[in-house]
Amino acid sequence: MASYSLYNRLRVLSTTLFLLSGLLFWTALSDSPRLWLRLISGTLGLCLLLTAFLYFWILIQQPTHRQSLTTVTAHFIISFLMNFFGKRELNKLFHRCKNPMYHQERLLREIIKRNGATEYGRKHRLMEINSLEQFRRQHPLTNYEHFRSYVDRMMEGERDVLIHGQPTSYIRTTGTTGKSKYIPQIKRMDIIMQFMAILNYVYNDLYQVGPLRKSLYLYVAPEIQKTKSGVDIETGATIAEGYDWGLSGFSTPPAGFKITTLHEALYVQLLFSLLDPDIGSMVLGFVHFLESAMKMLETNWKQLVYDIRHGTLNPALKLPAEIRRKLSEDLARHGADPKRAAQLEKEFEKGFRRIIQRIWPRIRGIHGVDSSGSWPRISQTYAEGLPLVTLAYLCSEAFMCVGPGPKFVRNGYLPLVQQILFEFIREKDMSLDKPQTFFLNEVEKGQNYEIVVTQGFGLYRYRMGDVVRIEDFYENAPVIEFLYRTGQMLNLRFEKLDQTVVLESVRAAVNRWPGRCMLEFAVAESTILSQDCQVAEPDELAPYYLFFIELLETGKPLSDAEKRAIDEELRLRNSDYERLRREVSISHPRVFVVRPGTFDDLKNYLLENTGASANQYKVPRKLRTYAMVDALLKGVV
């Protein structure tokens, strides 16, 4: 009935507008001596005719029926504007790639003009700098501690410290790998909307999902704090207040994006997306978020089907009264949907392999970042047959790169040269006190580098800790592929095991364990263990790594040969590690299997005890504190 109501309204409205436009055109073409009346009639007739064509086109697109004329109109306008601006910005990006250094020089001049007269700018004589080369010579390489005291003062309310005036917000980093950082921002949502327009255009160009298909966006509203001066402290993914109008393309009503608890947020977002069989895309921050949602679906599908069949909202959900009221009103407005409930029930009873494609057949790809290495597992179960599309390279410090898609770049991202000033340090030089840096036009294809960025919000020659590879060149701009973060590098002696090597080694080892399927893993260095730790070995002279692995089913304990597989795979992939093991300068790894759900306990601990939000959370592959190790030791089987 709800479907008929929307489509019938579209038919009636477009037909009425056609008839009214015809009447106005007849008036405009009449023999009336009043020229002004004929001009007005003709103009209004043309406007009504165009509007009639618009609503007729919307009708042909068959948008999801659980909308009103107002929301479907808003969805069309947002979709049109995102597509228009996304295409325009992507073309600008391609144009800038022809002469990226011109735009890098221009960006530096803009940053100095804006912030050169600040306290920081005067101290570092920014106004004297007139070239990229001089900037590289004059300003030191930095990390966050270089800026922390300046940021702390700005958060107290001081002006013109790092940037002109004051930031409009601060992005709080997760804090799962150390003390939280606070990155100043100016008009963050404007940058996000520009960024999202490009990603939206590229995704739709790749998969042709249609302009009025809704997207499922998995999101938990993070807590927004305030500085003493009243400026917001948020996360990079926070949806700012006042942007409800930009959410019309998602299946969840705006109230659903204000839920601050993971269980309730995922339930509500699944509920509203399940109501729409024509979901066109799935948008995630991190891919492991999808796995959490699918596990919830497996556990709660009967209650979800009940809610869809009866048009209700699970009373057991712990929701604020105002959010529950708004969501319940939306469900009541469109009514129960027993037909859709029956379809879903039938699919769920078959099991959950390929479940995403079975319940949302129009989804062609999943957009997100696989920071934890969980995509291979998800792609073999819930999302079998679907590609993972990662069209952005960004972090709390900067929106750095965009992936324009395989039509233009096979793998990797193009740098946003108008927003970020890039420098690169050779991978082999990263441990030097004053390593040489290279600009975009000085890097070499196939080489690995650590990224250094300068942006307009107060970070100058900032060492990101991200290591990338230059995959190729598009025009004169390098194509960048992310490899790993130096902060997650394992290094007991000088072996420097990066994330890629460790992940490949663990996967290869698990593949040698018959009938085993790995869910998660993390590694710690024995040097962080306390003397009274239950697994401490005071008689062991050489340091060693501790691997914690969560398997789908624990089954019988790992044999000594199976545990040795990780050591053997690491030795194959890192010659320094192999030599240090041969010399017994590093002892063999200790491998612990933890019960299913232990890594969820680690996540809960970190969300409760750090600045992390659910949207930002990434499984820490390197455990940096004993408290993190202890959280996993409690789950050892």
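Residues numbered from 1 in each chain as written. Predicted model: local features only at pLDDT ≥ 70, side-chain atom pairs only at ≥ 80, totals over all residues. Heavy atoms only, no water.

A. Highlighting the overall build of the protein chain. Check the secondary structure of the protein chain and you find 19 helices and 20 strands. Against the compact-globule benchmark of 26 Å for 637 residues, the protein chain has a radius of gyration of 28 Å, which places it among compact chains. In the protein chain, of all internal contacts separated by at least 6 residues, the share reaching a separation of at least 24 is 68%. Looking at the protein chain as shown, the accessible area adds up to about 28,900 Å², and 53% of this sits on carbon and sulfur atoms. One way to put it: in the protein chain the 81 positive side-chain charges average out to a point 5 Å from where the 70 negative ones average out. (Helix = DSSP H or I, 4+ residues; strand = E, 2+ residues; numbered from the N terminus. Rg over C-alpha atoms; globule rule 2.2 N^0.38 Å. Contact = heavy atoms within 4.5 Å. Areas by Shrake-Rupley, 256 points an atom, 1.4 Å probe, with all protein chains shown as cover. Lys, Arg positive; Asp, Glu negative; His and termini not counted. Charge placed at Lys NZ, Arg CZ, Asp CG, Glu CD.)

B. Fine view of the pattern of salt bridges. For the structure on display, the rule yields 41 salt bridges. For arginine 469, the salt bridge identified is with glutamate 471, shortest N-O distance 3.9 Å. On the basis of relative accessible area, glutamate 471 is assigned to the partly exposed category, the value being 28%. Within the structure, one salt-bridge network assembled from shared partners comprises Glu504, Arg512, Glu568, Glu569 and Arg573. (Salt bridge = Lys/Arg side-chain N within 4 Å of Asp/Glu carboxyl O. Buried < 20%, exposed > 50% of the residue type's maximum accessible area, 1.4 Å probe, protein only.)

C. Here's a closer look at the pairing of strand E15 (residues 462-474). In terms of strand pairing, strand E14 (residues 448-454) meets E15 through five bridges, oriented antiparallel. From the neighbouring strand, asparagine 448 faces E15, where its bridge partner is arginine 469. Pairing geometry for E15 and strand E16 (residues 477-485), over eight bridges, is antiparallel. When the sheet's bridge partners are listed, phenylalanine 473 is paired in E16 with proline 478. In textbook terms, the turn of a hairpin is the stretch between consecutive antiparallel strands, and for E15 and E16 this stretch comprises two residues, one of which, glutamate 475, has a positive phi near 55°. (Pairing = 2+ DSSP bridges.)

D. Spotlight on the nonpolar core. Grouped together as the largest cluster of nonpolar side chains are 50 residues, with contacts concentrated most on Leu297, Phe348 and Ile356. The set of elements that each furnish at least two residues to this core consists of helix H9 (262-274), strand E6 (281-286), helix H10 (288-310), helix H11 (321-334), helix H12 (338-349), helix H13 (355-359) and helix H14 (375-379). Sequence-distant contacts of leucine 297, that is, excluding residues within four places in its chain, are made with Leu270, Leu274, Leu304, Phe348, Phe352 and Ile359. Ranked by size, the runner-up nonpolar core spans 49 residues in total, among them Met155, Ala398, Phe438 and Val443. (Core = buried A, V, L, I, M, F, W, Y, C linked by side-chain atoms within 4.5 Å.)

E. Focus on the sheet that holds strand E13 (residues 437-438). The antiparallel open sheet is built from five strands, whose spatial order is E13-E12-E14-E15-E16. The open sheet terminates on both sides in strands that have one partner only, identified here as E13 and E16.

F. Fine view of a nonpolar patch on the surface. Together, Ile77, Phe80, Leu81, Phe84 and Phe85 make up a nonpolar patch on the protein surface, roughly 460 Å² of accessible area in all. Note on placement: phenylalanine 80 falls in helix H3 (residues 69-96). (Patch = residues over 30% accessible without salt bridge, like charges linked within 9 Å, V, L, I, M, F, W, Y side chains within 5 Å.)

G. Just the packing of helix H16 (residues 560-573) against helix H17 (residues 575-582), in detail. For the pair H16 and H17, the least separation of the axes is 5 Å and the interaxial angle reads 125°. When the axis of H16 is compared with that of H17, the two are oblique. In contact with Asp567, Leu570, Arg571 and Arg573 of H16, H17 contributes Ser575, Tyr577, Glu578, Arg581 and Arg582. Residue composition of the contact of H16 with H17, grouped by class: two nonpolar, one polar and six charged. (Axes fitted to C-alpha atoms, helices over the stretch in contact; angles between N-to-C directions. Parallel < 35°, antiparallel > 145°, perpendicular 65-115°, else oblique. Nonpolar A, V, L, I, M, F, W, Y, C, P; charged D, E, K, R; others polar.)

H. Just unusual backbone geometry, in detail. Non-glycine residue aspartate 160 carries a positive phi angle of around 55°. Assignment of secondary structure puts aspartate 160 in the loop between helix H7 (144-155) and strand E1 (169-172). Of note, the phi angle at glutamate 475 is positive, near 55°, even though the residue is not glycine. By the secondary structure assignment, glutamate 475 is in the loop between E15 and E16.

I. Region of the structure containing the packing of aromatic side chains. This model, assessed by the stated rule, comprises 25 aromatic pairs. An angle of 75° between the planes, with centres 5.0 Å apart, marks the rings of phenylalanine 195 and phenylalanine 399 as edge-to-face. Of this pair, phenylalanine 195 sits in helix H8 (residues 188-207) while phenylalanine 399 sits in strand E10 (residues 399-402), and the two are 204 residues apart along the sequence. When sorted by exposure, phenylalanine 195 lands in the same class as phenylalanine 399, which is buried. When the centroid spacing of 6.3 Å and the interplanar angle of 65° are considered together, the rings of phenylalanine 438 and tyrosine 449 count as edge-to-face. Separated by eleven residues along the polypeptide, phenylalanine 438 in strand E13 and tyrosine 449 in strand E14 bring together distant segments of the chain. As far as burial versus exposure is concerned, phenylalanine 438 and tyrosine 449 are alike and both buried. The ring centre of tyrosine 544 lies 3.9 Å from the NZ or CZ of arginine 590, which sits over that ring. (Phe/Tyr/Trp six-rings, centres within 6.5 Å; stacked < 30°, edge-to-face > 60°. Lys NZ or Arg CZ within 6 Å of the ring centre and 35° of its normal.)

J. Structural context of the state of the cysteines. Evaluation of the coordinates by the stated rule reveals zero disulfides. Counting only cysteine sulfurs, cysteine 395 is the nearest neighbor of cysteine 401, a cysteine outside any disulfide, at a range of 9.6 Å. Note on cysteine 401: relative accessible area 0%, which makes it buried. (Disulfide = S-S within 2.5 Å.)

K. Quick look at the pairing of strand E17 (residues 518-525). Within E17, eight of the eight residues are buried, which leaves the element mostly enclosed by the surrounding structure. With two bridges connecting them, E17 and strand E20 (residues 622-623) associate as parallel partners. Bridge pairing in E20 places alanine 524 opposite leucine 623.

L. Up close: the sheet that holds strand E19 (residues 590-594). Read across the open sheet, the four strands follow the order E19-E18-E17-E20; overall the sheet is mixed. Two strands bound the open sheet, and with one partner strand each, they are E19 and E20.

M. Inspection of the packing of helix H2 (residues 35-61) against H3 at higher detail. As a packed pair, H2 and H3 sit with axes 12 Å apart at the nearest point and diverge in direction by 95°. By the criterion of interaxial angle, the relationship of H2 to H3 is roughly perpendicular. In this structure, H2 contributes Leu54, Tyr55, Trp57 and Ile58 to the contact, and H3 contributes Leu69, Val72, Thr73 and Phe76. Considering only residue class, the contact of H2 with H3 consists of seven nonpolar, one polar and no charged.

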